[in-house]
Amino acid sequence: MVCDRCVKVVTQVLQQLHLPVVSVSLGNAVIGRELTTEEKDELNKLLQQEGFALIEDKKIRLLEAIKHAAIDWVQHGKMKTMPVNFSTFLSETLQKDYHYLSNLFSEHENITIEQYVMLQKIEKVKELLSYGEMSLSEIAEELGYSSVAHLSGQFKRMTGFTPTQFRKLKDHHRKPLDRVGK
């Protein structure tokens, strides 16, 4: 789950099955009791119809948690409001050693966590450019770039376009946040 609408849909599916929902947040749903095999199968079926999957493997859940933390960090402005870097934020959020998380992520996703965060930042830049409401310097500041030149260089390397060229495009080549890095 990567957005508030995703949380809403998953909550509705759980309620449809009359399951005791404790909480639903990005990438995580807590049910008030153990589910029977039949309930898990039905839940998985309904989630798949909505484009989701029931994930029970601990490593896969941890990978999803890393992705959701990166999305939260970039898309919801945590990088601007938190006085720590992403590795510290991730370690504190997931209560795991960053080196362990980094190795696990790289091994399974074939990119580093840093690259994944960079890809998320580029998608956010695309979004902000397509709205046309912010200047490049405002976008650079919003996303923690050291300068407009740094933002522009990274954007050009990742997309093949300068930010100005991208802003003029009709099709902005945006990816759903959960497909970034694939």
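The structure presented is a predicted model; accordingly, all values stated were derived computationally and were not measured. (Residues numbered from 1 in each chain as written. Predicted model: local features only at pLDDT ≥ 70, side-chain atom pairs only at ≥ 80, totals over all residues. Heavy atoms only, no water.)

For the rest of this paragraph, the subject is the nonpolar core. Residues F86, L90, I113, V125 and L143 are the most contacted members of the largest nonpolar core, which totals 32 residues. Here the element with the most residues in this core is helix α3 (residues 58–75); it accounts for eight residues. Those residues in contact with F86, other than ones at most four positions away along the chain, are A69, A70, W73, I113 and V117. (Core = buried A, V, L, I, M, F, W, Y, C linked by side-chain atoms within 4.5 Å. Buried < 20%, exposed > 50% of the residue type's maximum accessible area, 1.4 Å probe, protein only. Helix = DSSP H or I, 4+ residues; strand = E, 2+ residues; numbered from the N terminus. Contact = heavy atoms within 4.5 Å.)

Residue placement: K121 occurs in helix α7 (residues 113–131). The side chain of K121 sits in the buried core without any salt bridge; E142 is the nearest counter-charge, 11 Å away. The contact partners of K121, leaving out residues within four places of it in the chain, are V74, M79, L143, G144 and Y145. (Lys, Arg positive; Asp, Glu negative; His and termini not counted. Salt bridge = Lys/Arg side-chain N within 4 Å of Asp/Glu carboxyl O.)

Right, let's get into the packing of α7 against helix α9 (residues 148–159). Axes are the key here: two packed helices are described by the angle between their axes and the distance separating the axes. Look at α7 against α9: their axes get within 11 Å of each other, and the N-to-C directions meet at 100°. Taken together, the axes of α7 and α9 lie roughly perpendicular to each other. Judged by residue contacts, M118, L119, I122, V125, K126 and L129 of α7 engage L151, Q154, F155, M158 and T159 from α9. Its residues assigned to classes, the contact of α7 with α9 shows eight nonpolar, two polar and one charged. (Axes fitted to C-alpha atoms, helices over the stretch in contact; angles between N-to-C directions. Parallel < 35°, antiparallel > 145°, perpendicular 65-115°, else oblique. Nonpolar A, V, L, I, M, F, W, Y, C, P; charged D, E, K, R; others polar.)

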